[in-house]
Each structure stands twice: as structure tokens, then as C-alpha cells.
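# Tertiary structure, described
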Amino acid sequence: MSDSNAPSGNDAVPAAATPIELNRSVAGLPGVGSQFSARFAHLGLRTVGDLLNHLPIRYETEVAEAAVTDAKAATEQSEETVTRSVRGEIEKVRHIPGRRPRIEALLADTSGTIRLVWFNAPWLVKKIHPGACGIAQGRAKLRGGYLEMVNPRWEPVAETVHVAAHTGRLRPIYPATEELPTARIERVIAAILPGALLSVVDLVPAPLIEGRGLVSLATAYHQIHLPHHRAEAESARRRLAYDELLCLQLAMAMRRWQVRHAMRAPAMPLSAAIEERIHSRLPFALTPSQLEVCAEIAVDLGKTIPMNRLLQGDVGSGKTAVAVYAMLTAVAHGHQAVLLAPTEILADQHLRTVETMLAGSRVRIAGLTGSLRTADRAVVLSGLASGGFDIAIGTHALLGAHVQFKSLAVAIIDEQHRFGVEQRAALRSKGPVAEQVPHILVMTATPIPRTLALSFFGDLDISSLRGLLPSRTTPTTRIMPTQRSDEVYTWLKTRIAKGEQAFVVVPAVDGSDLGLKDVATHAQSLEEGILRGCRIGRVHGQMKSAAGEEVMADFRAGKLDILVATIIIEVGVDIPNATVMVVEQAERFGLAQLHQLRGRVGRGGKHGYCVLIGEPPSEIAQSRFDAIAASSDGFEIAELDLKLRGPGEFFGARQSGLPPLRVADLVEDFPLLLQARADAEAWIGSSGDLSAAGDLALRTRVIGLYGAALGLCDIG
Ligand code: ADP
Ligand code: MG
């Protein structure tokens with residue numbers, strides 16, 4: 001389908017330019033001496049291609065330079081404070097020390113002088129000296145008859161000759177460093193741009209680009225660096241965003257294609273007898289939503305096309321039962337299954353749950369965590385390899401290369417937000433032969449907004465558990481300001497007196513993170529203060545896992561009333577008697593995290609309470625608090641969290657193991673994402689995994705970007 005068309009967008013390129021190779025080194029370009037090339041390299045800018053892809057973070061409308069007297073006259077006549085730009089030579093400088101040190105300078109041009117004042121600007125100390133020439137731009141005011149700018153932008157220039165700038169020009173502002181200011185980057189990019197654009201090769205076929213109403217790649221690069229107006233910059237950005245999304249979606253589609261075409265999993269059709277046997281093992285009747293998901297999984301497991309499915313369901317929605325259902329299907333067919341948990345605490349909890357469910361059956365279950373003793377470990381490993389164990393439950397210790405299975409048919413990854421794409425790839429290598437891979441089910445309690453699911457888990461099919469289990473109610477959520485935390489703990493004492501248990505979550509492990517409440521200090525202050533007499537335990541991620549597990553066991557057994565913990569208890573922990581979740585400095589946590597935390601309580605039939613103590617430092621933080629208090633739907637909260645915080649922070653983006661997107665904004669560019677996805681699917685649908693001659697350049701690019709993370713290189 002593709003044919004790499006010659007550099008289009010010649011409309012944007014001055015005819016006289018000579019081509020500059022994109023792989024040409026930045027060192028030696030006009031304006032880049034050896035000293036500067038190191039500074040460029042520091043920003044990752046080594047080649048002309050790197051420069052082309054160094055995109056502006058924003059644009060500023062350039063202000064026309066004015067002679068100082070003209071600027072002064074205009075300021076006298078104007079009612080508002082207007083941004084002005086003057087060019088001249090520094091005549092005098094004064095450094096005024098103090099709590100807010102300031103630099104005062106007089107800048108002169110041939111017409112007059114202006115006072116420049118900078119507060120707290122140590123980086124300017126060396127630059128602002130008598131004789132220094134530069135352009136000062138800032139909001140100009142009259143003070144005591146003097147024209148003055150406070151904290152103006154300062155751009156050093158070689159000469160003071162006034163060059164008339166064209167007003168209204170958009171100036172690109174680049175990611176820069178102190179040694180390499182944006183103005184210098186701008187000059188170098190502007191100089192190479194005409195020649196570099198001639199070397200730009202558009203890998204996306206012109207008909208597709210035109211069909212989507214996008215500009216050519218060369219035009220996009222031209223207009224993103226030197227836009228005439230904002231609409232032009234935006235259409236350029238859209239084109240580059242589309243390319244980025246298209247590559248990601250091509251990678252996902254290729255991944256799906258490869259899994260479907262090159263790998264096989266055992267087909268395990270479900271008979272009525274097997275189904276009956278499995279259901280009789282579960283201690284409760286499955287809810288309609290659980291049954292629906294199990295049916296979807298059963299269809300997948302019945303085929304040789306490997307299942308690659310994401311199960312999302314709110315905290316406490318009953319995902320474990322679904323996992324057991326899938327694992328027992330494998331066992332019923334004489335194969336093995338594995339359940340992978342993100343922490344030892346969770347792995348142990350799963351092991352206990354599954355052992356209880358299957359007590360008295362012939363299913364043999366092995367637990368494997370990092371803390372297993374060497375001798376026990378050897379028994380587990382040989383049992384998995386020989387088929388002596390049917391089910392393995394453990395942590396990432398199960399991913400080690402030495403762990404091999406006789407016949408792994410189902411692999412389940414719980415709480416995916418600690419596991420990326422590579423883990424799935426590792427699990428695929430555990431079958432007896434390379435071509436036979438397990439069916440994979442990834443489970444997460446963090447509902448993933450659709451836009452992120454399509455971007456970062458685009459190679460997965462998605463199932464969702466909706467609605468609450470019969471025994472569950474949504475915890476009551478309250479927001480409390482910090483100065484009222486005593487009231488919270490006084491009330492907490494009354495719950496403890498009733499025999500209930502509570503979690504208190506703080507952001508830090510120890511006191512080294514300044515300004516954050518930590519487990520050690522907070523637990524001690526509660527113990528010695530307002531909660532005197534209560535039995536308080538401590539859990540955090542930096543503890544030895546055996547110690548952590550011991551505390552959890554004491555808490556579960558009711559030997560502790562309160563657990564002061566870090567976010568480590570966010571995932572999966574199931575303590576039916578815990579009814580209260582107090583979160584300190586709640587503004588430090590993400591919405592999805594808070595929702596997860598509150599899902600830890602009220603699991604045993606008693607009503608749960610969640611108290612978020614905090615000081616919303618901004619309007620956004622306040623609206624996040626309001627949202628979590630108002631909503632109990634994890635899917636809704638996830639969408640909102642994404643809107644408020646952006647995908648950078650969000651689950652999936654970081655944890656997926658994929659390189660981050662540079663241009664596309666997953667919230668704003670959602671329609672573009674859907675287009676790119678449709679285009680990628682059609683493309684892969686007609687050309688397989690991009691191995692047609694015309695697609696090879698694009699294939700190389702896609703594999704270069706995502707091959708390692710998605711395991712695309714393994715094949716072909
Ligand atoms: P999560 O989705 O957070 O992993 P779990 O699988 O831990 O949720 O289930 C939460 C609790 O609900 C567990 O105690 C489990 O035994 C119980 N449970 C799961 N499914 C059902 C059901 N269909 N009926 C009653 N209780 C259930
Ligand atoms: Mg769970």
C-alpha cells in the first residue's frame with residue numbers, strides 16, 4: 001500500500017536551498033562551534049534530524065522593538081501595561097542583596113535609557129554587566145518618570161544596531177538549557193530548515209494524508225518551526241501527532257497480527273461437565289457480570305489463537321474468581337496455569353484463597369516468591385517443569401528464565417499496573433516449545449480510560465466487570481482539612497472500640513522526604529498521642545517481605561487495630577474486618593489511587609468509611625477531591641483523572657513500558673487516535689506485518705520505536 005513519496009510540500013521550501021542530510025552532525029553547522037555542539041548534544045541534539053524533531057513547546061508573539069523614547073511616549077499615553085521590546089547597551093548595574101536580592105540596570109540606546117529590575121535572578125548576575133548588549137522584553141511601566149521593566153526577558157545580542165522586527169511574528173520557544181538558550185536554538189534551526197526539509201521523506205502515502213486532511217511532512221516541519229500564525233502551527237502539530245499515533249497503532253496491529261499468525265495456544269473447549277466441576281469449586285455463585293466475562297474467556301480458551309485479554313474491574317469486583325475459573329479450565333485439560341501478583345503480600349493472599357477453594361481437590365498448587373528458601377524453590381521449579389504442579393502462584397520470581405513449565409496454557413497477571421508488556425512476552429516463552437504460548441489474561445483494578453487502553457494496550461481485547469458484588473457497598477467518603485484531623489482520629493477510636501479495624505495511609509516511608517508525612521513518625525505520634533491504647537502496626541514497601549507479611553498476618557488475625565502504611569496496600573489487599581481508610585496528605589495521591597485505597601475497606605459486609613485528610617493546594621486538587629467524594633464508579637474516576645492530570649502521570653502511559661508520546665495528546669487527540677487506529681488496522685489487514693517492499697522503511701521505523709517493548713523483533 002505504501003510507496004515512499006519524494007519530499008512533498010515543496011511549496012514550503014525556498015527553491016534556492018541545497019539539501020542537508022538529516023544524519024549530518026550538528027557539530028560544524030553555521031553557528032555551532034565545538035563548545036556549542038557539546039551543549040546541543042546535552043539536549044540530545046546530535047544530528048540535523050534531531051534538530052528538526054526538537055519541537056517548540058510554545059510560541060510567543062514577537063513584540064516589535066522600539067526606541068526607548070518611543071516606548072516611553074507610548075507607555076505615557078497608554079492606560080494598560082503593554083509588553084515592549086527595547087535593544088541597547090547596559091550602562092550601569094547595581095546588585096542589591098537581601099532576602100530578595102535584586103539586580104538593577106540601566107539600558108541605553110541612542111534615544112534614551114530604561115531601568116531594568118530583576119528579582120532573584122542569580123543566573124543573570126554574570127550576564128548583566130556594563131557594556132553587555134541585549135534585547136529586553138517585558139511589561140513596561142513608568143516609575144518616578146522613568147521607564148521601567150521588572151523581570152524582563154533578556155536576550156544577549158552582539159550589536160546594538162536596531163533591526164526592525166516584524167510585529168506579530170510567532171517566535172518558537174524551544175526546550176533549552178541555561179547554556180543553550182532557546183534563541184540560539186531558534187537561529188540554528190531556522191538556518192538548517194530550508195535545506196533539511198528537502199531531505200524529509202514522508203513514509204505515509206500521500207492519499208492517506210490527504211484523505212485525513214493533513215499537511216505533508218515537510219510542510220509540517222516547516223510550519224511547526226516557523227508558523228505564520230497559530231492555526232498553521234496547530235495543523236503542523238496534528239500531522240506530527242498523527243504520525244506518532246499511526247506508528248503506535250501500526251505496532252499494536254502488527255503485534256496482534258503476529259500473535260494470531262505465528263503463535264498457537266492449546267485449544268481448551270469447555271464441556272458442560274468441566275464447567276459444572278469448576279462452578280462447584282467456587283464458594284459462591286458468580287454474578288451475572290462475572291458469568292459474562294467467564295463466557296468471553298471460555299470462547300478465547302477454546303481456540304488455538306492465543307488469548308490476549310485485559311480484564312478490568314473495580315476493586316472488590318471479584319476478579320480472583322474469574323482467574324480461578326480460567327486456571328481450572330487449563331487444569332481440566334491437563335495443562336498448567338500461573339497467577340502472577342505484583343507483591344509478595346498479594347501473592348500469599350492469592351495462594352491462600354486458591355488453596356482454600358481447591359482444598360480436597362487433586363489440583364496441586366505451588367507458591368513461588370523471591371523469599372522462598374532454596375530447597376523449597378528447587379522442589380517448585382522441578383515440579384513445574386515435570387508437571388508435578390498444576391498451578392503456580394507467585395511474584396515476578398516466576399518470570400525468571402530458569403522457571404519452565406511442562407505445559408503452560410493459561411497465564412494470569414494480576415494488577416497489571418506493576419507489569420508491563422515485557423512480562424507478557426516473558427510468559428509467552430515459558431511453554432514447552434517456542435511456538436506454543438499460553439493464553440494470557442491481564443487483570444487490573446485501575447480502570448483504564450478508553451483512549452489509554454487503545455494506545456498502550458491496543459493489542460489486548462478488553463473485558464470489564466461492572467457493578468458491585470452482593471455483599472458490597474461503596475464506602476462513604478469524607479474530605480477533612482488537616483486542622484480537623486484530631487476529630488477524625490477521635491471518631492476512629494469509636495470504630496476501633498466496636499472491634500473494627502482501620503488503615504491510615506501516608507505518602508512517605510521515612511522522614512527523609514521533606515514535608516511529607518511518613519509511616520514511622522506518624523505511627524509513633526498516633527501511638528503516643530490521640531490513639532494511645534490502640535494496637536498500631538506499620539507496613540511499607542522498603543520492609544523485608546517476611547516482616548511485612550508478618551504484620552499483615554497480625555492485622556488479619558485481629559492482633560492489630562490499625563495499620564499505618566504507604567500506598568503499598570493500594571492493590572488487592574483483602575481484610576474483611578477493615579472498615580476505615582484514613583488517607584493523610586490526600587492531595588499527594590492520584591484519583592485512581594484514592595479510589596483504590598477506599599476499595600480496601602468495607603469488604604466484609606460492614607459499611608466502609610474513607611476519610612481524605614488534606615489541603616487542596618489548587619483548584620484542580622479541589623475538583624479532584626470533589627470528584628472522588630461524588631463518584632463511586634472507577635471508570636468515571638479514571639476518565640476524570642486522565643483529564644485533570646494528563647496521561648503523563650497516568651497509569652498505563654508510564655507503566656506500559658512503551659516510549660512516551662512526544663507530540664500527541666491522548667485527551668485532545670482522541671479523534672485523531674481513532675483515525676490512526678483505523679488506518680493502521682486497514683494497513684496491517686492488507687499487508688500483514690508491513691513486509692511488503694514499499695512498507696519496509698516504515699516497518700523499520702515502527703520496530704525501532706516499539707519493537708523491543710512489544711516484542712516485535714522476535715519474529716520476521
Ligand atoms: P478484586 O476484583 O478486587 O480482585 P476479589 O476477587 O478479591 O476482588 O473479590 C472481593 C471479595 O468478594 C472476595 O472476598 C471474594 O471472595 C468475594 N466474591 C467474589 N465474587 C463473589 C460472588 N460472586 N459472590 C459473593 N462474593 C464474591
Ligand atoms: Mg484482586
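Data block above holds the structure.
Read on for an overview of the structure. Predicted model, so just to flag it, every value in this text is computed and none were measured. (Residues numbered from 1 in each chain as written. Chains lettered and ligands numbered in written order. Predicted model: local features only at pLDDT ≥ 70, side-chain atom pairs only at ≥ 80, totals over all residues. Heavy atoms only, no water.)

One pass over the full model with this rule turns up three aromatic pairs. Residues W491 and Y609 carry aromatic rings whose centres are separated by 5.5 Å and whose planes lie at 75 degrees to one another, so their mutual orientation is edge-to-face. Of this pair, W491 sits in helix α15 (residues 485-497) while Y609 is found in strand β21 (residues 609-613), placing the two residues 118 residues apart along the sequence. A relative accessible area of 27% places W491 in the partly exposed class. Taking the relative accessible area as the measure of exposure, Y609 reaches 23% and is therefore partly exposed. Against the face of Y146 rests R115, its NZ or CZ located 5.2 Å from the ring centre. The ring of F36 is capped by R184, whose NZ or CZ atom sits 3.7 Å from the centre of that ring. (Phe/Tyr/Trp six-rings, centres within 6.5 Å; stacked < 30°, edge-to-face > 60°. Helix = DSSP H or I, 4+ residues; strand = E, 2+ residues; numbered from the N terminus. Buried < 20%, exposed > 50% of the residue type's maximum accessible area, 1.4 Å probe, protein only. Lys NZ or Arg CZ within 6 Å of the ring centre and 35° of its normal.)

What follows is about the sheet that holds strand β9 (residues 308-313). Strand order in the open sheet formed by seven strands is β11-β12-β10-β13-β14-β9-β15, with parallel pairing between adjacent strands. The sheet is open, and its two edges are formed by β11 (365-368) and β15 (461-465), each paired on a single side. The mean angle between the axes of side-by-side strands here comes to 20 degrees, regardless of whether they run parallel or antiparallel. Looking at chain direction, β11 and strand β12 (residues 391-394) are connected through four bridges and run parallel. For L368, the partnering residue across the bridge sits in β12 and is G394. Its contacts with the sheet place helix α9 (residues 288-301) against β9, β13 (408-413), β14 (439-444) and β15, and it is angled at close to 155 degrees to β15. Taken strand by strand, helix α12 (residues 374-386) contacts β10 (336-340), β11 and β12, and its axis lies near 130 degrees from that of β11. (Pairing = 2+ DSSP bridges. Axes fitted to C-alpha atoms, helices over the stretch in contact; angles between N-to-C directions. Contact = heavy atoms within 4.5 Å.)

Counting 93 residues, the largest nonpolar core has F40, L51, Y242, L250 and V702 as its most contacted members. Element by element, the count of residues in this core is highest for helix α7 (residues 230-262), at 14 residues. When residues of this core are sorted by domain, at least three fall in each of domain 1 (2-60 + 175-228) and domain 3 (229-470 + 661-716). Residues in contact with V702, not counting those within four places in the same chain, are C247, L250, A251, M254, L690, G707 and L712. A298, V331, L358 and M443 belong to the second largest nonpolar core, which has 38 residues in total. (Core = buried A, V, L, I, M, F, W, Y, C linked by side-chain atoms within 4.5 Å. Domains from an automatic or database assignment.)

Attention now moves to the site of ligand 1. Near ligand 1, the surroundings consist of 15 residues, among which A285, Q290, G316, K319 and T320 are the closest. Within the backbone of G318, a nitrogen or oxygen atom sits 3.1 Å from an oxygen atom of ligand 1. Protein burial of ligand 1: of its 560 Å² of free accessible surface, 81% is covered by the chains. (Near = heavy atom within 4 Å. Polar contact = N/O pair within 3.5 Å; in protein donor to acceptor, adjacent residues only side chain to side chain. Areas by Shrake-Rupley, 256 points an atom, 1.4 Å probe, with all protein chains shown as cover.)

Before going further, it helps to examine unusual backbone geometry. Most peptide bonds take the trans configuration, and most residues that are not glycine carry a negative phi. Of note, N120 is a non-glycine position whose phi angle comes to about 50 degrees, a positive value. Position of N120 among the secondary structure elements: in the loop between β4 (113-119) and β5 (133-143). The class for N120 is partly exposed, based on a relative accessible area of 38%. Despite not being glycine, Q585 has its phi angle at roughly 50 degrees, a positive value. With respect to the helices, strands and loops of the structure, Q585 is situated in the loop between β20 (578-583) and α18 (591-598). Judged by its relative accessible area of 14%, Q585 is buried.

Inspection of the sheet shows strand β2 (residues 82-96) paired to β5 by eight bridges, in the antiparallel sense. Residue pairing across strands places S85 opposite Q137, the latter belonging to β5. Of the pairings in the sheet, the one linking β5 to strand β7 (residues 153-156) comprises four bridges and is antiparallel in character. Paired with Q137 across the two strands is R153, which belongs to β7. In the sheet, β5 pairs with strand β6 (residues 146-150) via four bridges, with the strands oriented antiparallel. Within β6, the residue paired with A140 across the bridge is M149. The antiparallel pairing of β5 with β6 creates a hairpin that spans two residues between the two strands, and G144 there sits at a positive phi of about 55 degrees.

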